Amino acid sequence: MIDAHQHFWRLARGDYGWLTADFGPIYRDFGPEDLQAHLTTHGIAQTILVQAAPTVAETHFMLEIAERTPFVAGVVGWVDFTAKDAPETIAALAKHPLLVGLRPMVQDIADDDWLLRDDLAPALEAMIAHELVFDALVLVKHLPRLAVFAERYPRLRIVIDHGAKPQIRDRAFDAWRDAIAPLAADQRIMCKLSGLVTEALPDWGADDVTPYCRELLSLFGPQRLIWGSDWPVVNLAGGYNRWREAAMAALAGLSDDDRDAILGGNAARHYLTTRGRR
């Protein structure tokens, strides 16, 4: 089993602009030793470590951790996609065997049309050349742009993070479903079953998140859905164990093969197999 979406950070590094003291329980350092107990509890052997700061230094920081952490099977890093030297930066980073993808923090970019910029093309072509996955950290409002983006780059492997963060607390189910369904129809696109509970009310229950889990399953199918914890951000909404239990309950009706695909097989195939990861 694989946790396909987790983070580490060290506050003293100073590039986590979004992470302030207002985030309380996650405003501290988190490293491999903090995650290990959760992985052991749930029998999870590997993880995908995902960027949390928009700097190349963050990517190097994560790769250094991955080198000395056996359970980290791959890293999704960050580059400045609009920089003129982005292709060269991507080529240099891609030499590291544990780099499996890159992620711009689209949700935090003021320009809602950023995905449609023409000057992204050189960086994206470099990603395609080096067989890297594009993690799309988007909100519901970005989904129509992401659909156009996907059409422009038919050879780019794309995974939507956190189901595009549906506004569960506002019960905005229909608008979310209608926006993500066209992307789910594209068989190239994968989606992470992660990050949902932080979009719900603090006292969320299974009835709040299960409809979203099952709709993602219905839209993407068990071969294109990838489970992730979004730890330690998930600590803002009940923690690792509570989210894992809720996800398992939502997947309870599946065959063993389909459930295993979501809980690890799809992540291995999408992130790790292409570039020969451990």
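See the structure shown above.
All values derive from a computational prediction rather than experimental measurement.

*Asks:* How would you sum up the overall build of the chain? Please name residues and give values.
*Replies:* The number of helices and strands found in the chain is nine helices and eight strands. Expected size for 278 residues packed as a compact globule is a radius of gyration near 19 Å; at 17 Å, the chain falls within 12% of this value. Considered along the principal axes of its C-alpha atoms, the chain spans approximately 45 × 40 × 40 Å. Every one of the 278 residues in the chain was classed for burial, and the buried ones make up 55%. Put simply, of all contacts in the chain between residues at least 6 apart along the chain, 80% involve residues at least 24 apart. Summed over its atoms, the accessible surface of the chain is roughly 11100 Å², and 52% of this surface lies on carbon and sulfur atoms.

*Asks:* Talk me through the packing of aromatic side chains; I want residue IDs and the actual numbers.
*Replies:* Inspection of the entire model under this criterion finds 14 aromatic pairs. With a centroid separation of 6.1 Å and an interplanar angle of 80°, the aromatic rings of Phe8 and Trp231 are classed as edge-to-face. Pair noted here: Phe8 is in the loop between strand E1 (2-6) and helix H1 (32-41) and Trp231 is in the loop between strand E8 (225-227) and helix H8 (240-250), with a separation of 223 residues, a long-range link. Residue Phe8 is classed as buried on the basis of its relative accessible area of 0%. These aromatic residues form a ring-pair network of at least three members: Phe8, Trp9, Tyr16, Trp18, Phe23, Phe30 and Trp231. Above the face of the Phe30 ring, Arg28 is positioned so that its terminal group lies 3.9 Å from the ring centre. Across the ring face of Trp227, the terminal group of Arg244 is positioned such that the distance to the ring centre comes to 4.5 Å.

*Asks:* Got a sec to walk through the packing of helix H5 (residues 143-152) against helix H6 (residues 173-184)? Specific residues and values, please.
*Replies:* Two numbers describe how H5 lies on H6: the axes approach to 9 Å, and their chain directions differ by 10°. It follows that H5 is roughly parallel to H6 by the angle criterion. Facing H5, whose interface residues are Leu143, Leu146 and Ala147, H6 presents Ala179, Ile180 and Leu183. Here the contact of H5 with H6 is built from residues that sort into six nonpolar, no polar and no charged.

*Asks:* Explain the sheet that holds strand E5 (residues 133-136) residue by residue, including any values.
*Replies:* Strand order across the open sheet formed by eight strands is E1-E2-E3-E4-E5-E6-E7-E8, with parallel pairing between neighbours. The sheet terminates laterally at E1 and E8, the two strands that pair on one side only. On average, each strand axis in the sheet is inclined to that of its neighbour by 25°, with strand direction left out of account.

*Asks:* So, the pairing of E5: which residues are in play, and what are the values?
*Replies:* With burial as the criterion, each face of E5 is covered, one bearing Val133 and Asp135 and the other bearing Phe134 and Ala136. With two bridges joining them, strand E4 (residues 99-102) and E5 adopt parallel strand pairing. Bridge pairing in E5 links Leu102 to Phe134. Pairing between E5 and strand E6 (residues 157-160): four bridges, direction parallel. Within the sheet, the bridge partner assigned to Phe134 lies in E6 and is Ile158. What joins E5 to E6 is H5, and the crossover it makes is right-handed.

*Asks:* For the environment of Asp186, give the residues involved together with the corresponding values.
*Replies:* Tracing the chain through its elements places Asp186 in the loop between H6 and strand E7 (189-193). Along the backbone, Asp186 and Asp34 are 152 residues apart, and their C-alpha atoms lie at a distance of 37 Å. A polar atom in the side chain of Asp186 sits 2.6 Å from the side chain of Arg188.

Here is what the cut-offs are and how they apply
All residue numbers refer to position in the chain's written sequence, counted from 1. Predicted model: local features are reported for residues with pLDDT of at least 70 only, side-chain atom pairs are reported and counted for 80 or more only, and whole-chain, interface and lining totals are derived from all residues. The side-chain figures draw on all heavy atoms in the structure; neither hydrogens nor water molecules are used. Numbering of helices and strands starts at the N terminus; helices are DSSP runs of H or I of at least 4 residues and strands are runs of E of at least 2. For the radius of gyration, the atoms used are the C-alpha atoms, and the globule rule reads 2.2 Å times the number of residues raised to 0.38. Partly exposed describes any residue whose relative accessible area lies between the buried limit of under 20% and the exposed limit of over 50%, with all areas from a 1.4 Å probe on protein chains only and scaled to the type maximum. Any pair of residues with heavy atoms lying within 4.5 Å of one another is described as a contacting pair. For the accessible areas, the method is Shrake-Rupley and the probe is 1.4 Å, while residue cover comes only from the protein chains on display. Each pair of aromatic rings taken from Phe, Tyr and Trp, with Trp reduced to its six-membered ring, is defined by centres within 6.5 Å and is described as stacked if the planes are under 30 degrees apart, edge-to-face if over 60, and tilted in the remaining cases. For a ring to carry a charge above it, either NZ of a lysine or CZ of an arginine must fall within 6 Å of the ring centroid while also lying within 35 degrees of the normal to the ring plane. For helices, the fitted line uses only the C-alpha atoms of the stretch in contact; every axis is such a line through C-alpha atoms, and the angle between N-to-C directions lies from 0 to 180 degrees. In this scheme, roughly parallel covers angles under 35 degrees and roughly antiparallel covers those over 145, while 65 to 115 is roughly perpendicular and the rest are oblique. By the convention adopted, Pro, Cys, Tyr, Trp, Phe, Met, Ile, Leu, Val and Ala count as nonpolar, Lys, Arg, Asp and Glu as charged, and the other residues, Gly among them, as polar. When DSSP finds two or more bridges between a pair of strands, those strands are recorded as paired. Consider the strands pointing away from the viewer: the crossover is right-handed when the path from the first strand over the helix to the second runs clockwise. For this analysis, a polar contact is any N or O atom pair within 3.5 Å, provided that within protein one partner can donate a hydrogen and the other can accept it, and provided that sequence-adjacent residues contribute only side-chain to side-chain pairs.

Function cannot be inferred from these measures alone, as they are strictly geometric.
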